[in-house]
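Topology and contacts: notes
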Amino acid sequence: MVHVKIVVDHIKDTPVSLHIDEPVVAFPLLAGMQNDKSCCITGNIQGDITVTREYENIRVTGRITAPLTLTCSRCLADYPSFVDTSFTIFFRKGDPITSSAEEELELGEMDLLSSAYSGDEIDLTHEIEEQVAMEIPLKPLCSDSCKGLCHECGTDLNTFSCSCSKEPVILTFSALKDFKVTRK
Ligand SMILES: [Zn+2]
Ligand SMILES: [Zn+2]
């Protein structure tokens, strides 16, 4: 299993750059989403990360991209898309359990994601996959103006028009009762 790791002692006064180019299987959270079909990542997770030391703490800034296939929630068409996200994570040295609520608040005000590290390594795998997962839309739209499928006949209204009622259909229970799938 590949891990994107920082060895803290290797970060001296000058920032260190890392290039990431890893398959989805290197990221357990994303691989899981891929398996249960909640996302479809079509290539490697790529990115560039800069690691800077600030006394005992480590600041990680980066940009991560990943190609995706999304399924439009209105017309159900698959379309290519991508995640492109930039982030900053501030790693404080110390045990996450001992960090006080006050500290959290301070860092929150700085508008930074913060995390704690202990030992001499920081594993960025989970942070990177969370950044990608957060950017995957829950209700993808192939376009803001997607007309979707006709509620009555299922025609893709982006490419065809149909002769069904142009009134907006409200699918209440009584409407469903009168719904006929086959017509002669
Ligand atoms: Zn659509
Ligand atoms: Zn129709």
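Below: a short report on this structure.

Notes on the overall build of the protein
If you tally the helices and strands in the protein, you get 4 helices and 7 strands. For the protein, the α and β elements follow one another from N to C terminus as β-β-α-β-β-β-α-β-β-α-α. Sorting the 184 residues of the protein into buried and exposed places 32% on the buried side. Long-range pairs, those at least 24 residues apart, make up 60% of the contacts in the protein with a sequence separation of at least 6. As displayed, the protein offers around 12,100 Å² of accessible surface, 54% of which is attributable to carbon and sulfur atoms.

Quick word on the coordination of the zinc ion (ligand 1)
Here the zinc ion (ligand 1) is held by the protein donor atoms C72 (SG), C75 (SG), C142 (SG) and C146 (SG), which lie 2.2 to 2.4 Å from it. If you list the donors of the zinc ion (ligand 1) from N- to C-terminus, the spacing comes out as C-x2-C-x66-C-x3-C. A residue pair is termed long-range when its members are at least 10 positions apart, and C72 in the loop between β4 (57-71) and β5 (78-93) and C142 in the loop between α3 (125-135) and α4 (173-177) qualify at 70 residues. With relative accessibility at 1%, the residue C72 sits in the buried group. Take C142: its relative accessible area is 33%, and that puts it in the partly exposed class.

Some details on the coordination of the zinc ion (ligand 2)
Taken together, the protein donors to the zinc ion (ligand 2) comprise C150 (SG), C153 (SG), C162 (SG) and C164 (SG), at separations of 2.3 Å. Coordination at the zinc ion (ligand 2) comes from 4 donor atoms whose angles at the metal span 106 to 113°, giving a geometry best classed as tetrahedral. Read in sequence order, the donor residues coordinating the zinc ion (ligand 2) give the pattern C-x2-C-x8-C-x1-C. Of this pair, C153 sits in the loop between α3 and α4 while C164 sits in the loop between α3 and α4, placing them 11 residues apart in sequence. With relative accessibility at 14%, the residue C164 sits in the buried group.

Side note on the layout of surface pockets
Over the atoms rolls a probe the size of a water molecule, and in doing so it shows where empty space is left. Its boundaries defined by the atoms lining it, the second largest pocket holds a volume of some 180 Å³. Along the walls of the second largest pocket sit Q34, K37, S38, C39, C40, T69, L70, T71, D78, I136, P137 and P140, which together make up its complete lining. Here the lining of the second largest pocket takes 3 residues from β4, the largest share from any one element. Taken together, the residues of the lining of the second largest pocket sort by class into 6 nonpolar, 4 polar and 2 charged.

Some thoughts on helix α1 (residues 28-35)
What α1 keeps buried is the set L30, A31 and M33. Down the axis of α1, the buried side of the element spans an arc of 160°, and every buried residue falls inside it. Elements that come into contact with the buried residues of α1 comprise β3 (45-54) and α3. Taken from the residues just after α1, K37 is the one with a positive phi, measuring 65°.

Side note on unusual backbone geometry
Backbone geometry places Y55, a non-glycine residue, at a positive phi of 55°. As for its placement among the helices and strands, Y55 is situated in the loop between β3 and β4. The phi angle at L76 is positive, at roughly 65°, despite the residue not being glycine. Relative to the helices and strands, L76 is located in the loop between β4 and β5.

Section: the pattern of salt bridges
Taken as a whole and assessed by the stated rule, the structure comprises 3 salt bridges. A salt bridge links R63 to D84; the shortest N-O distance between them is 2.5 Å. Taken as a pair, R63 in strand β4 and D84 in strand β5 lie far apart in primary sequence, 21 residues in all.

Thresholds applied
The numbering scheme is per chain: residues are counted from 1 as the chain's sequence reads. Going through the entries in the order they are written, you letter the chains from A and number the ligands from 1. Reporting of local features is limited, given that this is a predicted model, to residues whose pLDDT is at least 70; pairs of side-chain atoms are given and counted only at 80 or more, and all residues count toward the totals for whole chains, interfaces and linings. As a rule here, side-chain values cover all heavy atoms of the structure and leave hydrogens and water aside. Elements are defined by DSSP. Helices are runs of H or I of four residues or more, strands are runs of E of two residues or more, and each kind is numbered from the N terminus. Buried means the residue's accessible area, taken with a 1.4 Å probe over protein chains only, is under 20% of the maximum for its type, while exposed means over 50%, and partly exposed covers the values in between. Every residue pair with non-hydrogen atoms within 4.5 Å of one another is taken to be in contact. Computed with a 1.4 Å probe, the accessible areas rest on the Shrake-Rupley method; for each residue, only the protein chains presented here act as cover. Sodium, potassium and calcium take a 3.2 Å donor cutoff, other metals 2.8 Å, and in both cases only N, O and S atoms count; water is not among them, so sites may look incomplete. In this scheme the shape depends on donor count and angles: four donors with every angle between 85 and 135 degrees give tetrahedral, four or six donors with opposite pairs above 155 degrees and others between 65 and 115 give square planar or octahedral in turn, and any other case is irregular. A cavity, in this analysis, means grid points on a 1 Å lattice covering only the protein atoms where a 1.4 Å probe fits yet has no way out; a pocket is instead an open set bounded by protein on both sides within 12 Å along at least five of seven lines, and a residue lines either one if it has an atom within 4 Å of a point. Grid points are joined across faces, edges and corners, and a volume is the space filled by probe spheres set on the points. The residue classification treats Ala, Val, Leu, Ile, Met, Phe, Trp, Tyr, Cys and Pro as nonpolar and Asp, Glu, Lys and Arg as charged. All others, Gly included, are polar. Directions pointing from the helix axis toward each C-beta atom define the arc. Any Lys or Arg side-chain nitrogen found within 4 Å of a carboxyl oxygen on Asp or Glu counts as a salt bridge.

Interpretation in functional terms is not warranted from these geometric data alone.
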